[in-house]
Amino acid sequence: MASTAHEAAAVRRPQTAQSTTQLMQALLRTVLRDPRGYFKLSQPFKSSPTAPFNDRFKMSVTLGSGIADWTLLLNARNPEAPPDFILDELSDAFIKYEELQTLRTWSLDQPTSLLDLLMEMRALFRHNRARRAIAFSNEKLGFELESLLGLEDESEIRLLDKEKLNVECVVPIRRSAGQASGGGAQQSEQAGEARGADAGKGREIIGHLVMILDQELTQVRTSLQYPETVSEELRAVCPGWEPGNTHVFDFVPMVQSRVLQKMQAMDGRKEALKCLSELLTPLHVDSALFLRSSFLIELDAVFEVVVHVRLTPSFPEEQPSLVLQSVSYLVDRQPIHDVILEYPYSPRWGARQIASQILAILPSKIREFRAKVQSTVGEATAP
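Per chain, residue numbering runs from 1 following the sequence as it is written. Given that the model is predicted, a residue must reach a pLDDT of at least 70 before its local features are reported, and side-chain atom pairs must reach 80 or more before they are shown or counted; all residues, however, enter totals for whole chains, interfaces and linings. By convention in this description, side-chain values take in all heavy atoms of the structure and omit both hydrogens and water.

1. A closer look at the sheet that holds strand S11 (residues 303–310)
- For two strands to be treated as a pair, DSSP must find no fewer than two bridges joining them. A run of DSSP states H or I qualifies as a helix once it reaches four residues; a run of E qualifies as a strand once it reaches two. Both are numbered from the N-terminal end. Overall, antiparallel pairing links the 5 strands, which are arranged S9-S10-S11-S12-S13 in an open sheet. Both outer strands of the open sheet, strand S9 (281–285) and strand S13 (334–340), are each paired with one neighbouring strand and no more. The average undirected angle you get between the axes of adjacent strands in this sheet is 25°.
- Where strand S10 (residues 292–299) meets S11, 8 bridges bridge the pair, whose relative direction is antiparallel. Looking at the pairing, Ser293 lines up with Val309 of S11.
- Between two residues, a contact is recorded if the distance between any of their heavy atoms is within 4.5 Å. Throughout, an axis means a line fitted to C-alpha atoms (over the contacting stretch in the case of helices), and angles, computed between N-to-C directions, take values from 0 to 180 degrees. Each of S9, S10 and S11 touches helix H8 (residues 248–279); the most contacted strand, S10, lies at about 20° to it.

2. Considering the packing of aromatic side chains
- When the centres of two rings from Phe, Tyr and Trp lie within 6.5 Å, Trp using its six-membered ring, the rings pair. Their planes under 30 degrees apart give stacked, over 60 give edge-to-face, and anything left gives tilted. As enumerated under the stated definition, the model contains 9 aromatic pairs in all.
- Centroid distance Phe303 to Phe369: 6.2 Å. Interplanar angle 65°. Geometry classified as edge-to-face. Of this pair, Phe303 sits in strand S11 while Phe369 sits in helix H9 (residues 351–381), and the two are 66 residues apart along the sequence. Assigned by exposure class, Phe303 and Phe369 land together as buried.
- Connected via pairs of aromatic rings, a cluster forms that spans Phe303, Tyr329 and Phe369.
- The side chain of Arg122 reaches across the aromatic face of Tyr38, ending 3.6 Å from its centre. For the exposure calls, accessible area comes from a 1.4 Å probe over protein chains only, and a residue counts as buried if that area is under 20% of its type's maximum, exposed if over 50%, partly exposed in between. Consider the ring centre and the ring normal. A charge sits over the ring if Lys NZ or Arg CZ is within 6 Å of that centre and within 35 degrees of that normal.

Following this line, the structure appears as structure tokens:
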């Protein structure tokens with residue numbers, strides 16, 4: 001970093017060695033605890049054997065589908081000064097230190113100073129890299145790239161090569177805390193909202209849409225990338241790009257919606273089974289995909305029945321099926337079953353209302369089932 005960056009730091013009050021170390025640790029903790037997880041620090045070491053603490057760190061900076069490797073150079077001898085950086089060649093080409101406003105406002109006393117600087121550097125890198133890709137694009141491709149930045153400003157755009165001039169776009173797909181529980185169609189309407197200037201704040205990234213765009217948009221490749229923690233059953237299939245008919249401004253929201261709806265379906269199933277487990281006595285709950293659960297119910301203190309609740313991947317649009325199974329009454333050593341196919345239900349209900357509705361209809365259905373069981377057993381045992 002240029003020496004003028006150090007000169008920009010204001011003169012601060014003297015700090016003791018202990019307080020300086022604590023302030024430096026506060027800067028680093030703020031970076032490490034940032035929930036976005038863009039920056040990782042490793043390999044701490046001292047700038048000199050006599051330095052009072054580690055002031056050098058290797059850094060990994062997440063940028064879409066890639067990682068940038070930087071070295072953070074704090075100054076244990078002059079802790080009031082803003083840090084220097086050793087950047088990789090590509091980062092160095094896109095980050096102009098004179099444009100960094102956070103260097104002018106750097107303060108050791110402000111725990112967010114380092115994180116603010118890193119975020120500005122990352123944003124500047126991403127912005128300049130995207131502008132470079134747009135500068136090499138023809139009018140048709142340039143329109144799509146500008147549209148993407150308008151939809152999702154956290155998208156990563158980079159030029160893949162200078163021969164074919166293909167451009168890679170990596171679009172994060174997020175969901176907020178409010179989208180992590182089932183609420184029927186009303187929440188499904190929120191599925192396309194993972195875009196806009198503030199889309200990244202307080203939202204969990206659940207996948208990325210990757211698009212490789214050629215200049216004429218005739219050989220576009222699309223794919224969805226998920227974290228390893230997302231099971232195959234929850235991964236939506238990425239639709240293809242139709243040359244001449246597909247545009248970024250409708251394709252990206254459509255893919256985001258498709259991914260979120262599949263994720264929300266599992267969240268809704270999980271919440272519904274949780275609510276049922278609070279109202280009934282659970283025997284088993286599918287904790288992997290939340291597609292089924294079994295509950296034990298005793299009617300009038302004399303008749304026990306197991307209620308199997310079955311949910312489909314289309315829940316809540318498709319209502320749960322209920323299967324009643326006898327416990328004490330058997331025919332040919334096999335329990336008796338009955339399926340409840342119809343009962344009042346709306347896919348717009350929340351999970352708790354769905355659970356309450358199931359609980360409300362069970363007593364009458366179980367009485368009908370008890371009569372059927374007794375009749376079936378009587379016929380089977382008649383001489």
